[in-house]
Amino acid sequence: MSSVRKPKRLRDMVEAKRVHIKTFGCQMNVYDSERIAEALAPIGFTQTNRPDDADLIVLNTCHIREKAAEKVYSELGRLRQLKSARQAEGKRTTIAVAGCVAQAEGAEIIRRSPVVDIVVGPQSYHRLPDLLFRAFQEGRRVVDTEFPDEDKFAHLPPRGKRQSCTAFITVQEGCDKFCTFCVVPYTRGIEVSRPVAAIVAEAERLVAGGVREITLLGQNVNAYHGEGPDGRTWSLARLLARLAEIEGLERLRYTTSHPRDMSADLIAAHGDNPKLMPYLHLPVQAGSDRVLAAMNRRHTARDYIELVERIRAARPDIALSSDIIVGFPGETDEDFEATLALVREVEFAQAFSFKYSPRPGTPAAKLDEQIDEAVKAERLARLQALLNEQQQKFNRHAVGRTMPVLFEKPGRNDGQIVGRSPYLQAVHAKGERRLIGQLREVEISAAERNSLSGVIKTTPDRGMTVAMGV
Ligand code: SAH
Ligand code: SF4
Ligand code: F3S
C-alpha cells in the first residue's frame, strides 16, 4: 500500500515532471526502459527526448564489454555540466543509473560520480517511485541493487498504449550458464521464468493496442520453463503455441537462445507454428572445441553444426544469426581458423562479432595468455569480411522473390515505408503511410548489405478485379 501512497505525495512535490531515458545494451534493456517509463507515468512523469528538458534522467546501462561500461561514465561527465547549467536556472535534475552497470558496480558509481542520485538494479524498477521519493524528500542518494523476493513484473503497471506495431516481452531473465567470459549471470542473476498467464495477458493487451509482432526476450529465452495455467511447467515451444492462438497477432520471434537449450519441441515448432518467423539467433561464440570448452559453452563445434542441420530439416529456409567472439584468452591462429571454418559451413544470414573484452570478476579475465589487441583487431576484420559476404549473399538470394513484409514506420525518403521480411531483413518500398502496421506481399527488387527494397503487390482480390475490368 505504501508504494501507492508515497508516489502521490511525490507527484505533489515536483512541478514539471519529465523523464529522459537513455538506453544502452541489449533488447532486454530496451524492454526495461519502456517498463521504467510506464512505472513513472502514474506519478506524473511524461517522456522527453531532450535531456536538458528533463527533471529526471535515467541511464539504462550495459556492462557486457569494457567499452559499453565506459560509455556510462563519459555520459555522466556530460550530465554533470547539464545538471549544473540547469541548477543555475533554478532547476533540479535527478540522475539515476539503472541496468547492468548499476547492478555490477552499485554504490561504487555514487563514489566515482557525485552527479548520480539513484542507482537501481534491473530487478528493482518497480521500486523506482519509492526510490525517487527517498531521493527527493530525504535528499539522500540511494542505491537499490538487491534481488528482491517479489516479482518485479507483478508490481509494474500494465503495458501502456504503443506507437509501434512490434513489441518485446521479457519472458525469462537471468542466466545460470556461466560462460567464463560473461558478466550476465552476475548482473541479471539466476534464470527466472515468468508465468504463462502473465505473458499471455501482456500479449493480449499489446495486440488489442495494435501490435502485430511480438518478440519474446530472455538472456536464455529457450531455457524458458514457466508455470502454465494447468500448474505444470511449460516450455518455450508450448508458450509460443499458446501465443499463436491470439487473434490479430501475426508474427512471433524469440531471442536469445543457447544451443544447449534448443529442445526437440522448439525445433519442431519452427516447422509447425505458422506464426513463428523463420529466423533464429543462436550464438556459437567460437568454432574451436578447445576454446568452446574454455568458454564453458558445454558443446562442440560438431554439436552446433548438427543442431543447425536438425533446425534446417524442420524449417529449410530459416535465417540463422549468431554472436562470435575473437581473441578469447589462449586463442591460437588454428583456433581462429576453426571459427572461420564453422562460419563457412553454417552460412549465417547475419551475425554480431566482438573482440574479447576481459570483464572484472569473470573467470576468463584471470587467465594467462590474454591476446594482443592488434591480433584481435586483425581476426575481427577477417571474420567480419566473411560474415558480410554471407549476409550479402543471403540478401541477394531474396531478389525476385515475393514475401510478406510487416510495415513498421515511414522511410527516410518521402513516400517510402519500411518494414521487416520474415527473415528480419529491413525492406523499403514506396507506399502510403496507412499501410504502417499492416502486412503486405512485396516483390523484392534489390538488395543492399543491410536492407532490401521492393514493390508492394496489390492484393490478389484487387488484382482480379482490375484484370476483369480490363
Ligand atoms: N545470452 C546471450 C548473449 C548475451 S551477451 C547468449 O548466451 O548468447 C551478447 C553477446 O555478447 C554474447 O553472445 C557474446 O558474444 C558477447 N560477449 C559477452 N561477453 C563478452 C566479453 N567479455 N567480450 C566480448 N564479447 C562478449
Ligand atoms: Fe552470458 Fe553465456 Fe549466459 Fe549467454 S549463456 S548470458 S553468454 S553466461
Ligand atoms: Fe548488456 Fe546487461 Fe544486456 S550487460 S547485453 S544490458 S543483459
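Residues numbered from 1 in each chain as written. Chains lettered and ligands numbered in written order. Predicted model: local features only at pLDDT ≥ 70, side-chain atom pairs only at ≥ 80, totals over all residues. Heavy atoms only, no water.

Enquirer: I'd like to hear about the domain arrangement of the protein chain, residue by residue, with values.
Expert: For the protein chain, the domain assignment lists domain 1 (5–144), domain 2 (152–396) and domain 3 (402–456). Between domain 1 and domain 3, the C-alpha centre-to-centre distance is 36 Å. (Domains from an automatic or database assignment.)

Enquirer: Quick rundown of the sheet that holds strand S7 (residues 166–170)? Include the residues and the values.
Expert: Judged by pairing direction, the sheet is parallel, and its three strands sit side by side in the order S7-S10-S13 without closing on themselves. The two strands at the open ends of the sheet, each matched to only one other strand, are S7 and strand S13 (251–255). Neighbour-to-neighbour, the strand axes of this sheet turn through a mean angle of 20°, independent of strand direction. With five bridges joining them, strand S10 (residues 213–217) and S13 adopt parallel strand pairing. Within S13, the residue paired with Leu217 across the bridge is Thr255. Across the face of the sheet, helix H9 (residues 196–208) comes into contact with S7 and S10 while running at roughly 165° to S7. (Pairing = 2+ DSSP bridges. Helix = DSSP H or I, 4+ residues; strand = E, 2+ residues; numbered from the N terminus. Axes fitted to C-alpha atoms, helices over the stretch in contact; angles between N-to-C directions. Contact = heavy atoms within 4.5 Å.)

Enquirer: Residue-level account of the sheet that holds strand S17 (residues 402–410), with values.
Expert: Taken in spatial order, the five strands of this closed barrel run S17-S18-S19-S21-S20, and their pairing is mixed. Each neighbouring strand pair of the sheet contributes to a mean axis angle of 55°, computed without reference to strand direction. Pairing between strand S20 (residues 439–447) and strand S21 (residues 451–456): five bridges, direction antiparallel. Paired with Ala446 across the two strands is Ser453, which belongs to S21.

Enquirer: Lay out unusual backbone geometry with the relevant residues and their values.
Expert: Excluding glycine, a negative phi dihedral is what most residues carry, and trans is how most peptide bonds are arranged. In this chain, Thr255 is followed by Thr256 through a cis amide linkage whose omega measures 5°. The topology assignment puts Thr256 in the loop between S13 and helix H11 (264–272). At Asn296, a residue that is not glycine, the phi angle is positive and equals roughly 65°. Residue position: Asn296 is located in the loop between helix H12 (289–294) and helix H13 (301–314). Overall, Asn296 belongs to the partly exposed group, its relative accessible area being 26%. (Buried < 20%, exposed > 50% of the residue type's maximum accessible area, 1.4 Å probe, protein only.)

Enquirer: Now, about the site of ligand 2: what can you tell me, with residues and values included?
Expert: All residues adjacent to ligand 2 are Cys175, Lys177, Phe178, Cys179, Phe181, Cys182, Val184, Pro185, Asn220, His258 and Arg297. Classifying every residue of the shell around ligand 2 gives seven nonpolar, two polar and two charged. (Near = heavy atom within 4 Å. Nonpolar A, V, L, I, M, F, W, Y, C, P; charged D, E, K, R; others polar.)

Enquirer: A description of a negative patch on the surface should follow, citing residues and the corresponding values.
Expert: Judged by side-chain charge, Asp289, Asp303, Glu306 and Glu309 come together as a negatively charged surface patch. Among the elements that take part in the negative patch, H13 stands out by supplying three residues, more than any other. Among the secondary structure elements, Glu309 is positioned in helix H13. (Patch = residues over 30% accessible without salt bridge, like charges linked within 9 Å, V, L, I, M, F, W, Y side chains within 5 Å. Areas by Shrake-Rupley, 256 points an atom, 1.4 Å probe, with all protein chains shown as cover. Salt bridge = Lys/Arg side-chain N within 4 Å of Asp/Glu carboxyl O. Lys, Arg positive; Asp, Glu negative; His and termini not counted. Charge placed at Lys NZ, Arg CZ, Asp CG, Glu CD.)

Enquirer: Lay out the packing of aromatic side chains in plain terms, naming residues and giving numbers.
Expert: Any two aromatic rings considered together are summarised by their centre-to-centre distance and by the angle between their planes. What the rule picks out here adds up to five aromatic pairs. Geometrically, the ring pair formed by Phe178 and Tyr186 is edge-to-face, given 5.6 Å between the ring centres and 75° between the ring planes. Its relative accessible area of 37% is what places Phe178 among the partly exposed residues. Overall, Tyr186 belongs to the partly exposed group, its relative accessible area being 39%. Measuring from centroid to centroid gives 5.5 Å for Phe328 and Tyr356, while their planes differ by 65°, and the two rings are edge-to-face. Of this pair, Phe328 sits in the loop between strand S15 (319–326) and helix H14 (333–346) while Tyr356 is found in the loop between strand S16 (350–355) and helix H15 (373–396), placing the two residues 28 residues apart along the sequence. The same class applies to Phe328 as to Tyr356, namely buried. Sitting over the ring of Phe354, Arg65 keeps its end group 3.7 Å from the ring centre. The lysine or arginine in question, Arg92, covers the ring of Phe136, its NZ or CZ lying 4.4 Å from the ring centre. (Phe/Tyr/Trp six-rings, centres within 6.5 Å; stacked < 30°, edge-to-face > 60°. Lys NZ or Arg CZ within 6 Å of the ring centre and 35° of its normal.)

Enquirer: Please provide a residue-by-residue account of the site of ligand 3, values included.
Expert: Taken together, Cys26, Asn29, Thr61, Cys62, His63, Ile64, Cys100, Arg188 and Gln219 form the complete shell of residues around ligand 3. For the shell around ligand 3, the residue count by class is four nonpolar, four polar and one charged.

Enquirer: Before we move on, can you summarise the nonpolar core with the specific residues and values?
Expert: Membership of the largest hydrophobic core comes to 74 residues, with the highest contact counts inside it found for Ile214, Leu216 and Tyr254. Counting residues in hydrophobic clusters, the runner-up holds 21 residues, among them Phe24, Cys62, Ala69 and Ile95. (Core = buried A, V, L, I, M, F, W, Y, C linked by side-chain atoms within 4.5 Å.)

Enquirer: Explain helix H3 (residues 66–88) to me, using residue names and the numbers behind them.
Expert: The terminal C-alpha atoms of H3, which comprises 23 residues, lie 34 Å apart, in line with the 33 Å expected from a rise of 1.5 Å per residue. Buried residues of H3: Ala68, Ala69, Val72, Tyr73, Glu75, Leu76, Leu79, Leu82, Lys83 and Arg86, and no others. (Expected span 1.5 Å × (residues − 1).)

Enquirer: Break down the pairing of S17 for me, with residues and values.
Expert: Here five bridges tie S17 to S20, and the two strands are oriented antiparallel to one another. In the sheet register, Val405 faces S20, and the bridge partner there is Arg440. As judged from the four bridges shared by S17 and strand S18 (residues 416–420), these two strands associate in the antiparallel manner. Pairing of Lys409 across the sheet is with Val418, part of S18.

Enquirer: With reference to specific residues and values, describe the side chain of His281.
Expert: Relative to the elements of secondary structure, His281 occurs in strand S14 (residues 279–281). Taking relative accessible area as the criterion, His281 reaches 7% and is therefore assigned buried. Looking at His281, its side chain comes within polar contact range of the side chain of Ser321, at 2.6 Å. A polar atom in the side chain of His281 sits 3.2 Å from the side chain of Asp323. Non-local contacts of His281, meaning those with residues more than four positions away in its chain, are made with Thr255, Thr256, Ser257, Ser321, Ser322, Asp323 and Phe352. (Polar contact = N/O pair within 3.5 Å; in protein donor to acceptor, adjacent residues only side chain to side chain.)

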